Amino acid sequence: MSVAITTHVVRRRIEVQGIVQGVGFRPFVYRVARELELAGWVRNDSAGVTIEVQGDPECVEQLTRRLRDDAPQHARVDRVTLQECELGTGAGDFAILGSVKGQGATAIGSDSAVCADCLDELFTPSDRRHRYAFTNCTHCGPRYTITRSLPYDRATTSMATFAQCPRCLSEYRNPSDRRFHAEPNACPECGPRLAFLDAAGRELRDVDAVAEAAMRIARGEILAIKGLGGFHLACDARNADAVARLRARKAREEKPFAVMLANLASVAAFAQVSASEGALLDSRQRPIVLLRKREGVDGALAGVAPGLGWLGVMLPYTPLQHLLFHEAAGRPAGVQWRDQAQALVLVMTSANPGGEPLVTGNAEACRRLEAIADGYVVHDRDIVVGCDDSVVRALPEEGTHGFQFVRRARGYTPRAIPLAVAGPSVLAVGGYFKNTVCVTRGDEAFVSQHIGDLDNAPTCRALEDAADHLLATVDVTPALIVHDLHPDFFSTRHAARLAARYGVPLHGVQHHHAHIATVLAEHRHRGPVLGLALDGVGLGTDGGAWGGELLVVAGTRCDRVGRLAPLMLPGGDRAAREPWRMAAAALDRAGRGAEIERRFASEPGARTVASMLALGVRAPPTSSMGRWFDAAAGMLGVRQRMAFEGQAAMLLEGCAQAHGPVPADPALYTISADNELDLTRLLARLADTDDAGFGAALFHATLVAALADWTARTAATKALTTVAGGGGCFLNALLSEGLRAALAQRGLALLEAQAVPPNDGGLALGQAWVGLKSLAGTS
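Remember, predicted model here, so these are calculated numbers, not experimental data.

Caption draft 1: Main features of the environment of Gly18. With respect to the helices and strands, Gly18 occurs in strand β1 (residues 10-19). Between the C-alpha atoms of Gly18 and Arg76, which are 58 residues apart in sequence, the distance is 5.5 Å.

Caption draft 2: The arrangement of the packing of helix α15 (residues 579-589) against helix α17 (residues 606-615) in detail. Where α15 meets α17, the axes come as close as 10 Å, and the angle between the chain directions of the two elements is 45°. Put simply, α15 runs oblique to α17. Crossing handedness for the pair α15 and α17: right-handed. The segment α15 lies against α17, with Trp580, Arg581, Ala584, Ala585 and Asp588 engaging Ala606, Val609, Leu613 and Ala614.

Caption draft 3: View of the pattern of salt bridges. Applying the stated criterion across every chain yields a total of 56 salt bridges. Across the pair Arg13 and Glu52 runs a salt bridge whose closest N-O atoms are separated by 2.9 Å. A residue pair is termed long-range when its members are at least 10 positions apart, and Arg13 in strand β1 and Glu52 in strand β3 (residues 48-55) qualify at 39 residues. Of the residues examined, Arg13 reaches a relative accessible area of 22% and is grouped as partly exposed.

Caption draft 4: Fine view of unusual backbone geometry. Of note, the bond from Thr413 into Pro414 is cis; its omega dihedral lies within 30 degrees of zero at 5°. A positive phi angle, near 60°, is found at His181, a position not held by glycine. For His181, the position within the fold is in the loop between α4 (166-173) and β6 (194-198). We classify His181 as buried; its relative accessible area is 18%. Phi is positive for Asp206, which is not a glycine, with a value near 55°. Assignment of secondary structure puts Asp206 in the loop between β6 and α5 (209-218).

Caption draft 5: The arrangement of the packing of aromatic side chains in detail. Applying the stated criterion to the full structure yields twelve aromatic pairs. On the numbers, 5.2 Å between centres and 75° between planes, the contact of Phe629 with Phe699 is edge-to-face. Of this pair, Phe629 sits in helix α18 (residues 625-635) while Phe699 sits in helix α21 (residues 692-718); the two residues are 70 residues apart in sequence, bridging distant segments of the chain. In this pair, the class of Phe629 matches that of Phe699, namely buried. Directly above the aromatic system of Phe257 lies the positively charged group of Arg247, at a separation of 4.2 Å from the ring centroid. If you follow Arg410 out to its NZ or CZ, it ends over the ring of Tyr317, 3.5 Å from the centre.

Caption draft 6: Main features of the sheet that holds strand β2 (residues 39-45). Taken in spatial order, the five strands line up as β4-β1-β3-β2-β5 in an open sheet, and their pairing is mixed. Each edge of the open sheet carries a strand with a single partner, namely β4 (76-84) and β5 (94-96). The mean inter-strand angle of the sheet, taken between neighbouring strand axes irrespective of direction, is 15°. Of the strands in this sheet, β1, β2, β3, β4 and β5 touch helix α1 (residues 25-35), which is tilted by about 175° from β5.

Caption draft 7: Geometry of the confidence of the model for the protein. Taken as a whole, the protein shows an average pLDDT of 94; of its residues, 97% reach a score of 70 or greater. When the criterion is pLDDT under 50, residues 1-6 qualifies, and its contacts beyond four places in sequence or with other chains add up to 25 contacts.

Caption draft 8: Looking closely at empty space enclosed by the protein. In the structure shown here, the tally under the stated rule is seven cavities of 30 Å³ or more. Taken as a whole, the largest cavity holds about 160 Å³ of empty space. Taken together, 20 residues line the largest cavity, and the ones lying closest to its centre are Ala133, Leu228, Thr318, Pro319 and Arg381. A class-by-class count of the residues in the lining of the largest cavity yields eleven nonpolar, seven polar and two charged. Estimated volume of the second largest cavity: approximately 100 Å³. Along the walls of the second largest cavity sit 16 residues, with Gly22, Val23, Gly24, Arg26 and His181 positioned nearest its centre. Sorting elements by how many residues they give to the lining of the second largest cavity places α1 first, with three residues.

What counts, and at which threshold
Residues numbered from 1 in each chain as written. Predicted model: local features only at pLDDT ≥ 70, side-chain atom pairs only at ≥ 80, totals over all residues. Heavy atoms only, no water. Helix = DSSP H or I, 4+ residues; strand = E, 2+ residues; numbered from the N terminus. Axes fitted to C-alpha atoms, helices over the stretch in contact; angles between N-to-C directions. Parallel < 35°, antiparallel > 145°, perpendicular 65-115°, else oblique. Left-handed = near helix turned anticlockwise from the far one by under 90°. Contact = heavy atoms within 4.5 Å. Salt bridge = Lys/Arg side-chain N within 4 Å of Asp/Glu carboxyl O. Buried < 20%, exposed > 50% of the residue type's maximum accessible area, 1.4 Å probe, protein only. Phe/Tyr/Trp six-rings, centres within 6.5 Å; stacked < 30°, edge-to-face > 60°. Lys NZ or Arg CZ within 6 Å of the ring centre and 35° of its normal. Pairing = 2+ DSSP bridges. pLDDT = per-residue confidence, 0-100. 1 Å grid on protein atoms, 1.4 Å probe; cavity = no way out; pocket = protein on both sides within 12 Å on 5 of 7 lines; lining within 4 Å. Points joined across faces, edges and corners; volume = space filled by probe spheres on them. Nonpolar A, V, L, I, M, F, W, Y, C, P; charged D, E, K, R; others polar.

Take a look at the structure:
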């Protein structure tokens with residue numbers, strides 16, 4: 001091919017930014033340019049992808065259009081800029097050049113489930129990648145979890161140590177091959193390898209690691225299996241004894257486990273699956289999707305998710321996981337088995353003992369999991385960035401995304417969230433629970449993978465590492481560090497150290513202001529809103545424990561204009577773990593404190609709690625919505641002590657769903673002249689029912705009515721028509737779905753978090769948004 005230099009030839013430099021590395025973008029540009037008979041080159045750099053192209057003006061214009069219109073399916077083109085260049089000095093071809101480094105302005109793609117073409121090869125006996133557990137191409141496989149830095153090239157990933165064999169290198173260099181410039185490309189001759197280790201960490205030689213794993217799972221053993229972003233602990237979910245042993249060894253008494261099934265046909269026996277939920281399960285991100293259980297599931301999968309209305313389900317997303325299901329099915333020939341229901345159900349839970357960070361290394365797994373795992377399936381491809389499975393719930397209404405995050409991690413991190421305005425880079429360090437960090441660059445926000453609760457030293461170190469890695473990946477230096485107002489959080493103290501390191505100011509943001517700001521950042525909303533913040537707890541500007549608030553938010557300004565009536569916390573933080581104490585507080589508030597000892601006679605501390613409440617000693621007040629949920633659960637006998645955060649509310653929701661809807665009773669709440677919503681009458685009514693299901697349904701229905709009434713009255717007073725809802729309580733489906741409908745009937749639009757979780761996992765985004773506003777001096 002040659003391009004003559006005439007007056008009808010132009011040359012342009014095109015810069016493309018977005019998710020354009022690791023998604024087959026350069027090969028796509030190469031093919032289109034060759035098709036249009038254009039000369040020039042394409043390369044990766046830290047800004048994204050840069051193209052210089054020369055040829056007929058109409059063909060150059062067509063290439064520019066197709067960069068957006070026909071981009072690879074996993075790419076996201078955010079910005080295309082063009083610049084005229086001097087014509088080249090002769091005939092030329094089109095080439096892919098080596099990458100160059102520079103100031104970052106692009107993003108790494110997220111990890112993606114193995115594609116259908118790679119699966120076909122995996123199960124074709126004549127294919128050279130038959131049963132190879134690391135099959136991938138430009139359309140699938142690891143990206144973020146193997147990348148050390150940008151630009152995204154094999155040399156900057158953990159695949160750098162695996163030199164491609166001649167056949168793989170031929171695919172890598174062939175423009176017509178789907179592995180053209182696929183950086184993790186490998187085969188059994190040159191790529192990573194599986195191994196099986198026994199309980200002592202010794203490799204079993206001359207065994208098929210997949211067959212050994214399947215056999216051991218079938219006989220009830222617990223295995224640690226290395227995945228994309230870390231290890232899973234796996235066992236047979238139908239084996240109640242194996243599940244019980246996993247719970248005991250992991251010290252995870254009651255928190256629900258997620259399960260993995262072979263395909264959608266297999267899921268149908270255990271959960272109801274709508275079209276949107278099926279699409280989420282089968283998406284390239286392959287998150288854990290919360291599905292409504294079918295009747296009898298708690299018997300069939302005893303101990304997996306006891307007492308809850310939801311089951312967390314995911315489908316296989318790595319070749320290794322598909323191989324395990326294939327092995328369990330007896331290695332059937334052909335492809336039909338992939339769409340047929342399979343018997344195997346795997347518990348697949350994060351290998352993070354004691355709530356510490358996810359295990360990612362082989363030696364680390366043998367050390368940290370020795371008291372849990374009976375064996376290990378490992379490989380020699382390093383995990384650079386630990387990244388847990390994402391957890392989502394489908395939304396019943398059509399929305400921007402159609403689902404809500406419970407945890408945002410693998411498959412979605414580090415996808416940028418576009419912001420309404422650009423500004424200097426901000427680093428926000430999140431809160432205490434479900435920590436994440438956020439870095440802004442220009443008009444984009446990058447939220448880290450889920451880090452966890454900052455209640456142990458390893459997770460605190462993981463926060464430090466995540467902040468450093470995200471800053472390095474995005475290639476920025478922060479101009480401001482933002483943190484929660486609570487002075488005792490590790491994240492707050494680390495923010496001070498970071499501010500000193502970079503010589504930049506600190507900015508504290510009230511917890512619930514940040515929750516509402518998260519929603520405003522995602523929706524790129526301008527102007528004031530009425531914020532409805534409902535969660536467990538956050539330090540208020542008055543030093544109190546907030547958690548049920550109406551706030552008028554306008555950028556950096558946040559005014560509290562309403563709150564839930566306070567409940568006492570008898571015994572302080574202990575009350576947040578023991579719902580019976582919150583029920584006692586509700587009885588005391590209702591003037592029925594004399595009933596506490598009798599109602600909670602099985603609790604040794606009942607008399608002391610009653611005395612605390614009567615005297616107002618060691619019983620600080622809180623306006624937390626979460627504590628009202630706990631009080632309801634304790635009053636109805638649903639749960640007296642919690643084994644994990646939010647358990648009482650989750651069980652209460654499950655009871656309400658199992659019972660079915662009941663009418664709200666507007667006589668069971670009051671709104672005072674100073675805009676305090678009081679649910680005391682509702683809790684007193686629950687104290688007088690012996691039907692926990694009815695009581696749970698009544699609580700949810702009346703709570704929705706009360707919140708909608710309270711919010712609508714306040715919105716009218718403040719002349720606002722948009723409500724932003726934030727906080728962990730919005731993960732309660734009955735509450736969030738009911739509020740959407742009730743506020744819509746009153747003419748109010750409800751904005752909610754969807755790009756990040758509404759709980760503290762999304763807090764850092766809101767902190768960063770307020771920080772940007774403070775730097776700009778705008779509201």
